[in-house]
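The residues making up each chain are set out below.
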Amino acid sequence: MKKPDHRLLPVAAAAVTVVLWASAFVSIRSAGGSYSPGALALGRLLSGSLVLGLLCAVRREGLPPRPAWRGIAVSGLLWFGFYSVVLNWGEQQVDAGTAALVVNIGPILIALLGARLLGDPMPPRLLAGMAVSFAGAVTVGLSMSGEGGSSVLGVVLCLLAAVAYAGGVVAQKPALGHASALQVTTFGCLIGAVLCLPFTGQLVGEAADAPLSATLNMLYLGVFPLALAFTTWAYALARTTASRMGATTYAVPALVVLMSWLALGEVPGALTLAGGVLCLTGVAVSRSRARTSRVVAAAQETRPEETRKPV
């Protein structure tokens with residue numbers, strides 16, 4: 001009987017993350033009409049923390065080791081907390097094209113910070129793939145823009161969101177060397193929720209007036225795109241570089257186009273479809289490896305252990 005290829009598990013985990021993060025845009029569109037940015041972020045983080053806490057209790061994960069706490073704290077403050085609020089706020093201030101242009105700087109910043117702080121390699125294929133995907137993301141955003149304008153505040157908020165996202169990912173990577181993906185996600189989410197507690201009054205007041213559909217969408221955002229998707233993200237991140245994982249998220253704009261088409265009946269135009277194809281093409285290029293490197297790696301795996309020792 002053929003053994004399962006465990007190398008495919010991180011790929012599958014990354015795919016789950018990308019699909020669920022794409023679905024979040026449809027839910028945010030519904031919940032965002034009834035909840036302010038801070039209240040929506042807090043409600044999402046609280047529901048996500050509850051689910052993650054229960055999973056940790058069932059699995060008896062316990063507290064993360066001490067060396068992991070620095071990365072967990074930084075990612076919790078930057079990515080789970082600060083990013084959630086400023087992104088919600090920024091997307092209310094700018095049109096879709098500007099948001100796509102500014103927020104999708106995030107994966108590029110991850111690659112730069114990963115190379116500088118984590119020693120991540122920067123192969124030409126990764127750089128080329130990210131360039132193609134970024135062009136596709138901008139094309140999708142511009143093609144789906146409405147007549148709304150862009151404020152300086154909105155641009156700054158989206159830029160801060162991109163920086164917080166990149167910083168959170170790069171901080172999370174070392175923590176995964178000491179703690180499990182579930183531990184890192186759970187306690188990062190809890191720290192983000194604590195940071196957003198000042199929005200408790202807004203959340204309570206707005207929940208009383210919000211339609212059930214908006215509240216259900218907020219809960220969905222906490223359980224699936226946050227609790228589940230951030231855990232599968234951490235699992236995959238622990239098994240690859242931050243730069244490569246960042247490039248994978250460029251598939252999100254293409255999936256958002258598809259989901260908006262299926263769920264909301266928003267038929268994409270030719271330019272939107274072209275941008276989506278560019279996004280997916282860039283991800284494929286960034287995730288690929290040169291044929292020669294695959295041949296060398298395969299040869300090393302088949303050679304006896306003693307012949308691979310340094311001389």
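Heads up: the structure comes first, above all this text.
Residues numbered from 1 in each chain as written. Predicted model: local features only at pLDDT ≥ 70, side-chain atom pairs only at ≥ 80, totals over all residues. Heavy atoms only, no water.

Caption draft 1: Up close: unusual backbone geometry. Although it is not a glycine, R60 sits at a positive phi angle of roughly 55 degrees. With respect to the helices and strands, R60 occurs in the loop between α2 (37-59) and α3 (69-90). By relative accessible area, which is 77% here, R60 ends up exposed. (Helix = DSSP H or I, 4+ residues; strand = E, 2+ residues; numbered from the N terminus. Buried < 20%, exposed > 50% of the residue type's maximum accessible area, 1.4 Å probe, protein only.)

Caption draft 2: Spatial organisation of the pattern of salt bridges. In total, this model carries 1 salt bridge according to the counting rule given. Between R59 and E61 there is a salt bridge, with its nearest N and O atoms 3.1 Å apart. (Salt bridge = Lys/Arg side-chain N within 4 Å of Asp/Glu carboxyl O.)

Caption draft 3: The arrangement of the side chain of R44 in detail. Position of R44 relative to the elements: it lies in helix α2. Not counting residues within four places of it along the chain, the set of residues in contact with R44 comprises A24, I28, M218, L221, G222, P225 and L226. (Contact = heavy atoms within 4.5 Å.)

Caption draft 4: Broad picture of the nonpolar core. Membership of the largest hydrophobic core comes to 77 residues, with the highest contact counts inside it found for Y35, W79, V169 and W233. At 11 residues, helix α10 (residues 212-237) tops the list of elements feeding residues into this core. Those residues in contact with Y35, other than ones at most four positions away along the chain, are L40, Q92, L203, E206, A207, A210, A214, T215 and M218. (Core = buried A, V, L, I, M, F, W, Y, C linked by side-chain atoms within 4.5 Å.)

Caption draft 5: Representation of the packing of α2 against helix α9 (residues 200-209) in the model. Close contact between α2 and α9 brings their axes to 8 Å; oriented N to C, the two are set at 90 degrees. In terms of axis orientation, α2 runs roughly perpendicular to α9. Contacts between α2 and α9 involve A39, L42, G43 and L46 from the former and T200, Q202, L203 and E206 from the latter. Of the residues belonging to the contact of α2 with α9, the class tally is 4 nonpolar, 3 polar and 1 charged. (Axes fitted to C-alpha atoms, helices over the stretch in contact; angles between N-to-C directions. Parallel < 35°, antiparallel > 145°, perpendicular 65-115°, else oblique. Nonpolar A, V, L, I, M, F, W, Y, C, P; charged D, E, K, R; others polar.)

Caption draft 6: Representation of the packing of aromatic side chains in the model. Taken as a whole and judged by the stated rule, the model has 11 aromatic pairs. Measuring from ring centre to ring centre gives 4.8 Å for F80 and F230, while their planes differ by 45 degrees; the resulting arrangement is tilted. Pair noted here: F80 is in helix α3 and F230 is in helix α10, with a separation of 150 residues, a long-range link. Judged by relative accessible area, F80 falls into the buried class, the value being 2%. For F230, a relative accessible area of 7% corresponds to the buried category. A ring pair is formed by Y83 and Y165, whose centres lie 6.0 Å apart and whose planes are at 45 degrees; its orientation type is tilted. Taken together, the residues Y83 in helix α3 and Y165 in helix α7 (residues 152-175) connect sequence positions 82 residues apart. A relative accessible area of 17% means that Y83 is categorised as buried. Through successive ring pairs, a cluster of aromatic residues spans W21, W79, F80, Y83, Y165, F230 and W233. Cation over ring: R239 sits above Y235, and NZ or CZ is 3.7 Å from the ring centre. (Phe/Tyr/Trp six-rings, centres within 6.5 Å; stacked < 30°, edge-to-face > 60°. Lys NZ or Arg CZ within 6 Å of the ring centre and 35° of its normal.)

Caption draft 7: Representation of the side chain of S49 within the structure. Among the structural elements, S49 can be located in helix α2. In this structure, S49 is in contact with C189, L190 and A193, ignoring residues within four places of it in sequence.

Caption draft 8: Structural context of the packing of helix α1 (residues 8-31) against α10. The interhelical angle for the contact between α1 and α10, taken along N-to-C directions, is 160 degrees, at an axis separation of 8 Å. Considering their axes alone, α1 and α10 lie roughly antiparallel with respect to each other. Considering the relative orientation of α1 and α10, their crossing is left-handed. Tallied by class, the residues present in the contact of α1 with α10 amount to 22 nonpolar, 7 polar and no charged. (Left-handed = near helix turned anticlockwise from the far one by under 90°.)

Note that all results are geometric; they support no functional claim without further evidence.
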